[in-house]
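Overview (structure and organization)
Take a look at the letters that make up each chain.
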Amino acid sequence: MAVVHSAPKYASNDGVLDALRSALGDMFVEGKESHGEISITVERESVADALRHLRDEHAYQMLVEIAGVDYPDRPERFEVCYHLLSLTKNHRIRIKVTTDEDHPVPTATVVWPNANWLEREVFDMYGVLFSGHPDLRRILTDYGFRGHPFRKDFPLTGYVEMRYSEEQQRVIYEPVELAQDFRSFDFMSPWEGADYVLPGDEKVTTGDGVDKPQMTEKPADTGAGAKTDKKAEKVQSNGSPAVKDSGEKDAKAPDQTKGGNAKKHKPEKTASKREKTAKKDKS
């Protein structure tokens, strides 16, 4: 039995941006559609009113996520992104506001209670302040942590490290000390080429580069041919211990280069040699 639901399988973006631009009025700053997603920037002081209007009048019932983004080169370096979902229309939009370290963003907890922990995460990782938040404190980092780890100017190693001290019998914090500085290897980077010739590159002719690829138009270019086949026939590895114990002189492994057929050793010769050896031992 097929389950029928009023919500569409997917919702089109046609006309959505124009409709929301008209509905938000002065709260609307800019908007664009890219990669099938609609992003709208609103005035920072009006973000709570904009979110409430989208929830009540345009059926975006769910706040899925609040994310922070850091652009250090901008005067207002932080973006706070609200991801909204309409369950009835099966449609998503992104609402953004810009701010800096000093100007707080009005809290969205008055619209969606689940914004409490989400705003605490953005505050903890980026240092964005939220005015009107009922309990704005760190949620992911430890007590007494300094700095905000997701900022672009925060070092990857952090400033302090935690370890257990046998002398003090407790967990202590101390400045990070690296045994050696970070090293960059140019030949490991996929974005930067090496200043020297890498092994194998000496075979490439200079000039046209990739516009003139190396081709193997003749069999001689591949290294194949009669000379190679003749040389391959002579290649044999040393015999196995079982072959060496047979008593044969210059024992070799079976030749696998001639059509995959191994040379067959004559068992009767091996048996006769064993009999002679046994007779000598008895005498």
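Residues numbered from 1 in each chain as written. Predicted model: local features only at pLDDT ≥ 70, side-chain atom pairs only at ≥ 80, totals over all residues. Heavy atoms only, no water.

**Re the overall build of the protein**
Secondary structure assignment for the protein yields seven helices and nine strands. Within the protein, residue pairs in contact and separated by at least 24 positions form 43% of the contacts whose partners lie at least 6 positions apart. (Helix = DSSP H or I, 4+ residues; strand = E, 2+ residues; numbered from the N terminus. Contact = heavy atoms within 4.5 Å.)

**Some details on the pairing of strand 4 (residues 78–86)**
Counted residue by residue, strand 4 has eight buried out of nine residues, so it is predominantly covered. Between the end of strand 4 and the start of strand 5 (residues 91–99), which pair antiparallel, lie four residues, with Asn-90 showing a positive phi angle near 50°. (Buried < 20%, exposed > 50% of the residue type's maximum accessible area, 1.4 Å probe, protein only. Pairing = 2+ DSSP bridges.)

**Some thoughts on the nonpolar core**
Counting 34 residues, the largest nonpolar core has Ile-40, Tyr-82, Leu-84 and Ile-95 as the members making the most contacts within it. Looking at this core, the elements that each hand over two or more residues are helix 1 (16–24), strand 2 (37–42), helix 2 (47–57), strand 3 (62–70), strand 4, strand 5 and helix 3 (115–126). The element that contributes the greatest number of residues to this core is helix 3, accounting for five residues. (Core = buried A, V, L, I, M, F, W, Y, C linked by side-chain atoms within 4.5 Å.)

**Section: the side chain of His-133**
Counting through the fold element by element, His-133 comes out in the loop between strand 7 (130–131) and strand 8 (160–165). Within polar-contact distance, the side chain of His-133 engages the backbone oxygen of Asn-116 at 3.0 Å. Contact partners of His-133, with chain neighbours within four places excluded, come to Thr-107, Thr-109, Ala-115, Asn-116, Glu-119 and Arg-120. (Polar contact = N/O pair within 3.5 Å; in protein donor to acceptor, adjacent residues only side chain to side chain.)

**Overview of the packing of helix 1 against helix 2**
One way to put it is that helix 1 packs onto helix 2 with a least axis distance of 11 Å and a crossing angle of 125°. Classified by the angle between their axes, helix 1 and helix 2 sit oblique to one another. Viewed along their axes, helix 1 and helix 2 form a crossing whose handedness is right-handed. Within the contact between the two elements, helix 1 uses Leu-20, Ala-23 and Leu-24 and helix 2 uses Ala-50, His-53 and Leu-54. (Axes fitted to C-alpha atoms, helices over the stretch in contact; angles between N-to-C directions. Parallel < 35°, antiparallel > 145°, perpendicular 65-115°, else oblique. Left-handed = near helix turned anticlockwise from the far one by under 90°.)

**Let's talk about the packing of aromatic side chains**
This structure, assessed with the given rule, holds four aromatic pairs. A centroid spacing of 5.8 Å and a plane angle of 75° characterise the contact between Tyr-126 and Phe-150, whose relative ring orientation is edge-to-face. Here Tyr-126 is found in helix 3, whereas its partner Phe-150 is found in the loop between strand 7 and strand 8, with 24 residues between them in sequence. Look at Phe-150 and you get partly exposed, because its relative accessible area is 48%. What links up through ring pairs into an aromatic cluster is the set Phe-78, Tyr-126 and Phe-150. We note Arg-74 situated over the ring of Tyr-71; from NZ or CZ to the ring centre the distance is 3.7 Å. (Phe/Tyr/Trp six-rings, centres within 6.5 Å; stacked < 30°, edge-to-face > 60°. Lys NZ or Arg CZ within 6 Å of the ring centre and 35° of its normal.)

**Things to note about unusual backbone geometry**
Phi is positive for Ala-59, which is not a glycine, with a value near 65°. Along the chain, Ala-59 falls in the loop between helix 2 and strand 3. With a relative accessible area of 24%, Ala-59 lands in the partly exposed category. Unusually for a residue other than glycine, Gln-169 sits at a positive phi of about 55°. Inspection of the secondary structure assignment puts Gln-169 in the loop between strand 8 and strand 9 (170–175).

**Some thoughts on the confidence of the model for the protein**
Overall, the predicted model of the protein reaches an average pLDDT of 80, with 65% of residues at or above 70. Residue range residues 257–265 is modelled with pLDDT below 50. Its contacts to residues more than four positions away, or to other chains, number 12 contacts. (pLDDT = per-residue confidence, 0-100.)

**Some thoughts on the environment of Ile-139**
Summarising the element assignment, Ile-139 is placed in the loop between strand 7 and strand 8. C-alpha separation for the pair Ile-139 and Glu-121, spaced 18 residues apart in sequence, amounts to 6.1 Å.

**Looking at the sheet that holds strand 4**
As a general point, the strands of a sheet are linked pairwise by backbone hydrogen bonds and lie either parallel or antiparallel. Strand order in the open sheet made by the five strands is 1-2-5-4-3, with mixed pairing throughout. Only two strands of the sheet have a single partner each, and these edge strands are strand 1 (28–34) and strand 3. Taken over all neighbouring pairs, the strand axes of this sheet differ in orientation by 20° on average, direction set aside. Pairing of strand 1 with strand 2, which is carried by six bridges, proceeds in the antiparallel orientation. Residue pairing for strand 2: Lys-32 is matched across the bridge by Ser-39.

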